[in-house]
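Breakdown of the fold
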Amino acid sequence: MLPFLFCGMLLAALGSVTWTLPNPEESSFDLAEIRPDLAEKINETHAKVLEIWMELRRLREVDATEMYAICQVQPSASLATDQPRVTGLVLFKQLSPSSRLEAFFDLEGFPAEPNASSRAIHVHQFGDLSQGCESTGPHYNPTSVQHPRHPGDFGNFMVRDGRLWKHRTGLNVSLAGPHSILGRAVVVHAGEDDMGRGGNQASLENGNAGRRLACCVVGSSSSAAWERQVQERKKRRQERECKTT
Ligand SMILES: [Cu+2]
Ligand SMILES: [Zn+2]
């Protein structure tokens, strides 16, 4: 494809089939007069290359379309009654299929412990909540790698006063392409992720993050929820700045 494109661009640069020879003694000549068949072939190739060029430009424009997704976190249906009931939102934004993902995590309902605690969040394979969060299966692992290198291994999140509120960027996970997380589940765990350093098999599969407290299925969305969160974030920042000054 590339060599063909390069030749085509060269032809496009020439613009017509009139060439000036390197030797100034010789005058330029019109290929259409000498070899009309060849001139026609070159013109055809020129037209084809232009067509491909336009198609590539169109694909790049499609590529630049922002994508958004939303996940409405609910307590697991199979959760024991003495466990915290976590609810909230996880929002995703991706500028193009090849760019890294941004995410907002806004969850509440954790026990309001005096010290901040750390909870794991991952993308699990199935968007199936029929048996609570248990039916979401293992970590989403399309390339058969070990934990914590799964695309949806978001790691640990600090919970303060029963609330988890975090904006993350540069996530190596996508809403587009063969490994899209659309239709898969986000699972919030009761415990901390050992990030594969637990020294047992489970650590390399799920980080020993413990019980599945809450989960949701990732669905595509408009930008509305994301924009509301951006406004909320601005408001919080301003409030913080007011407090410190
Ligand atoms: Cu998990
Ligand atoms: Zn994992």
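Above this text you will find the structure in question.
Keep in mind it's a predicted model, so treat the numbers as computed, not measured. (Residues numbered from 1 in each chain as written. Chains lettered and ligands numbered in written order. Predicted model: local features only at pLDDT ≥ 70, side-chain atom pairs only at ≥ 80, totals over all residues. Heavy atoms only, no water.)

**Examining the pairing of strand 6 (residues 117-124)**
Here is the rule: Burial here depends on accessible area, computed with a 1.4 Å probe over protein chains only, as a share of the maximum for the residue type. Under 20% is buried, over 50% is exposed, and the range in between is partly exposed. Secondary structure elements follow DSSP: runs of H or I no shorter than four residues count as helices, runs of E no shorter than two count as strands, and numbering proceeds from the N terminus. By the convention used here, strands pair only if DSSP detects at least 2 bridges between them.
Burial analysis of strand 6 places eight of its eight residues in the buried class, which makes it a mostly covered element. Where burial is concerned, the two faces of strand 6 agree: the one with Ser117, Arg119, Ile121 and Val123 and the one with Ser118, Ala120, His122 and His124 are both buried. Bridging between strand 6 and strand 8 (residues 153-159) involves six bridges; their strand directions are antiparallel. What sits directly across from alanine 120, in strand 8, is asparagine 156. In this structure, strand 6 lies alongside strand 10 (residues 185-189), joined through four bridges in antiparallel fashion.

**Brief notes about the pairing of strand 11 (residues 212-217)**
Summarising burial for strand 11: five of the six residues are buried, a large majority. Pairing between strand 3 (residues 67-75) and strand 11: two bridges, direction antiparallel. Among the inter-strand pairings, glutamine 74 is bridged to a residue of strand 11, identified as cysteine 215.

Fair warning: the whole summary comes from geometry, so function is off the table for now.
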